[in-house]
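# Summary of the model geometry
So the chains spell out like this:
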Amino acid sequence: QETIDKIAAGEVIERPSSVVKELVENAIDAGSSAVTVEIKEGGVSFIRISDNGCGIEREQIPLAFLRHSTSKIKSVEDLFTVTSLGFRGEALSSIAAVSQVELITKTNGDFTGSRYLIEGSKEVSLEEIGAPDGTTFIIRNLFYNTPARKKFLKSAQTEGTYIHELMQRMILSHPDVAFKFIMNNQVKLQSSGNGNIKDIIYHLYGRDITKALLPIAHESELFKVSGFIGKPMISRGNRGYELYFVNGRFIRSQILSKAIEDAFKPFLMQHQYPFTVLYFEIDSSLLDVNVHPTKMELRFSNQQELYREVQSILSAALVH
Ligand code: ADP
Ligand code: MG
């Protein structure tokens, strides 16, 4: 079982940023309005994620660390209409297989909290302690027991940058959640959770970009889209600023990227890419999110129509 867990862990947990992604998604799924992420040494030696969500009941804790245990899918049909971010029940077991995990959690209905330690899939202890409502995960020494995997990591600085970028996307994809990101004892990012996208763009990208935004708001039979695109004058040299979210998830989609880039094409030089922060809402019956364990790539059942509509909405905004 331990070996299977270690192998399975590789699919979900590739690097420190994968741990942060899974745990932040869990915090959001738990209904948190505030999430704090702290890392040291690029997340390799230390990751702490605290939330004020629903917490985990003591009896449920060991179960949550079993593979394929999730509180989020009740039936097979649910797999096709997932609205919560995580749904495979693989994250906690995968993380615990390759690190030293400390969990402190308390539900609103309980008087005391719990502290649980698990290392390399082996339970160390479960005890009762005082704790505030919500959940804190501390992940120490990622890949301490899989040196081959540890070797594949980049420098602490690069791993830290991946997490920093991930946190920017998390803040953008959940404007109603107050995030704080601390790296090596310095507060790097902080959002208010007031839901204002422009405030967030200002905080993350500064004044010049914020001044050059065009608002997008459109609703059709197929989907809804809102957010902002940058005027062509603030185009960038890489795709790092071409951000879009589908049903609250940051995902990559060839068809959406192409629609966005084709709309900008008449206005941009070669090797220039747009700045976008777009929020799509697409009926989940038209989506297939289950194509990869990390859930990054989406497939749509109505590709052509989606392409045409997105392209024309953005083109219209750019010429006005
Ligand atoms: P999944 O998110 O796919 O259900 P995970 O392995 O990520 O699977 O988490 C397992 C379970 O642990 C979740 O279904 C949830 O019940 C519980 N859980 C994990 N993190 C939290 C959290 N921050 N707050 C409350 N419950 C959590
Ligand atoms: Mg999860």
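Please refer to the structure higher up on the page.
Residues numbered from 1 in each chain as written. Chains lettered and ligands numbered in written order. Predicted model: local features only at pLDDT ≥ 70, side-chain atom pairs only at ≥ 80, totals over all residues.

### Quick word on the overall build of the chain
Applied cut-off: Each helix is a run of DSSP H or I of at least 4 residues and each strand a run of E of at least 2, with the numbering of both proceeding from the N terminus. Exposed residues have 12 or fewer other C-beta atoms within 10 Å of their own C-beta, buried residues have 20 or more, and partly exposed residues fall in between, where C-beta atoms are placed from the backbone. By the criterion used throughout, residues are in contact when their C-beta atoms, derived from the backbone, lie within 7 Å.
Counting its secondary structure elements, the chain contains 10 helices and 15 strands. Within the chain, buried positions represent 34% of all 320 residues. Excluding contacts between residues fewer than 6 apart, the proportion of contacts in the chain whose partners are at least 24 apart in sequence is 67%.

### Some details on the sheet that holds strand β2 (residues 46-51)
As a reminder, the rule being used: Strands were regarded as paired on the criterion that DSSP finds at least two bridges between them. Simply put, an axis is a line fit to the C-alpha atoms, just over the touching stretch for a helix, and the angle between two N-to-C directions goes from 0 to 180 degrees.
Strand order in the open sheet made by the 8 strands is β5-β4-β3-β6-β2-β1-β7-β8, with mixed pairing throughout. Every other strand in the sheet has two partners, leaving β5 (122-129) and β8 (186-190) as the edge strands with one partner each. Here the average twist between neighbouring strands, direction ignored, is 10°. In the sheet, strand β3 (residues 100-106) pairs with strand β4 (residues 113-119) via 6 bridges, with the strands oriented antiparallel. Each bridged residue has a counterpart across the sheet, and for Ile-104 the counterpart in β4 is Arg-115. Here helix α2 (residues 16-29) sits on the sheet in contact with β1 (34-40), β2 and β6 (134-140), set at roughly 10° to β2. Along the sheet face, helix α6 (residues 156-173) touches β1, β7 (178-183) and β8 and points at about 170° away from the line of β7.

### Overview of the packing of α2 against α6
For clarity, the cut-off: For classification purposes, an angle smaller than 35 degrees is called roughly parallel, one larger than 145 roughly antiparallel, one from 65 to 115 roughly perpendicular, and anything else oblique. Should the near helix be turned anticlockwise from the far one by less than a right angle, the crossing is left-handed, and should it be turned clockwise, the crossing is right-handed. In this count, Pro and Cys sit with the nonpolar residues alongside Ala, Val, Leu, Ile, Met, Phe, Trp and Tyr, while Asp, Glu, Lys and Arg are called charged and the others, Gly among them, polar.
For the pair α2 and α6, the least separation of the axes is 8 Å and the interaxial angle reads 25°. Looking at the two axes, α2 sits roughly parallel to α6. Along this stretch, α2 crosses α6, giving a crossing that reads as right-handed. Together, Pro-16, Ser-17, Val-20, Lys-21 and Val-24 of α2 and Glu-159, Tyr-162, Ile-163, Leu-166 and Met-170 of α6 make up the contact between the two elements. Tallied by class, the residues present in the contact of α2 with α6 amount to 7 nonpolar, 1 polar and 2 charged.

### Brief notes about the packing of helix α9 (residues 254-264) against helix α10 (residues 303-319)
Contact pair α9 / α10: the axes reach a minimum separation of 8 Å and the direction vectors enclose 30°. Viewed along their axes, α9 and α10 adopt a mutual orientation that is roughly parallel. Handedness of the crossing formed by α9 with α10: right-handed. Taking contact as the criterion, the partners of Ile-255, Leu-256, Lys-258, Ala-259, Ile-260, Asp-262, Ala-263 and Phe-264 in α9 are, on α10, Gln-303, Leu-306, Tyr-307, Val-310, Gln-311, Leu-314, Ser-315 and Leu-318. When grouped by side-chain class, the residues that make up the contact of α9 with α10 number 11 nonpolar, 3 polar and 2 charged.

### Considering the sheet that holds strand β11 (residues 242-246)
The strand order β9-β10-β13-β11-β12 describes an open sheet built from 5 strands, whose pairing is mixed. A single partner strand is all that each edge strand has here, and the edge strands are β9 (213-219) and β12 (249-250). The pairing of β11 with strand β13 (residues 276-282) spans 5 bridges and is parallel. Residue pairing in the sheet places Tyr-244 in a bridge with Leu-278 of β13.

### A closer look at the environment of Glu-261
The topology assignment puts Glu-261 in helix α9. A sequence separation of 219 residues divides Glu-261 from Gly-42, and the C-alpha atoms of the two residues are 33 Å apart.

### Describing the nonpolar core
Defined as follows: Note on terminology: a nonpolar core is a set of buried residues of type Ala, Val, Leu, Ile, Met, Phe, Trp, Tyr or Cys, with members joined through C-beta atoms within 7 Å. Where each domain starts and ends follows an automatic or database-derived domain assignment.
Counting 65 residues, the largest nonpolar core has Val-19, Val-20, Val-24, Val-37, Ile-49 and Ile-95 as the members making the most contacts within it. A per-element tally of this core places α2 first, with 6 residues. Split by domain, this core shows at least three residues from each of two domains, domain 1 (2-190) and domain 2 (206-319). With sequence-adjacent residues up to four places away left out, Val-19 is seen in contact with Ile-13, Gly-43, Ile-47, Ile-95, Ile-139 and Leu-142.

### A look at the pairing of β5
Walk down a regular strand and you will see the side chains alternate between the two sheet faces. Within β5, only 0 of the 8 residues are buried, which leaves it mostly out in the open. Counting the residues in the hairpin turn of β4 and β5 gives 2 residues, including Gly-120, whose phi is positive at 50°.

### Describing α10
This is how the line gets drawn: Here the expected span of a helix is defined as 1.5 Å times the quantity of residues minus one.
With 17 residues, α10 extends 25 Å between its outermost C-alpha atoms, agreeing within 8% with the 24 Å of an ideal straight helix rising 1.5 Å per residue. Where α10 is buried, its residues touch β10 (223-230), α9 and β15 (299-300).

### Structural notes on unusual backbone geometry
With phi around 50°, Glu-41 is a residue other than glycine that occupies positive phi space. Mapped onto the elements of the fold, Glu-41 is located in the loop between β1 and β2. In the Ramachandran plot, Asn-184 falls in the positive-phi region, its phi being about 45° despite a non-glycine side chain. Within the secondary structure, Asn-184 is located in the loop between β7 and β8. On the basis of neighbour counts, which here come to 14 C-beta atoms within 10 Å, the residue Asn-184 falls in the partly exposed class.

### Quick notes on the environment of Gly-230
Counting through the fold element by element, Gly-230 comes out in strand β10. Note on Gly-230: 24 C-beta atoms within 10 Å, which makes it buried. Setting aside residues up to four positions removed in sequence, Gly-230 forms contacts with Ile-209, Ala-212, Leu-213, Pro-274, Phe-275 and Thr-276.

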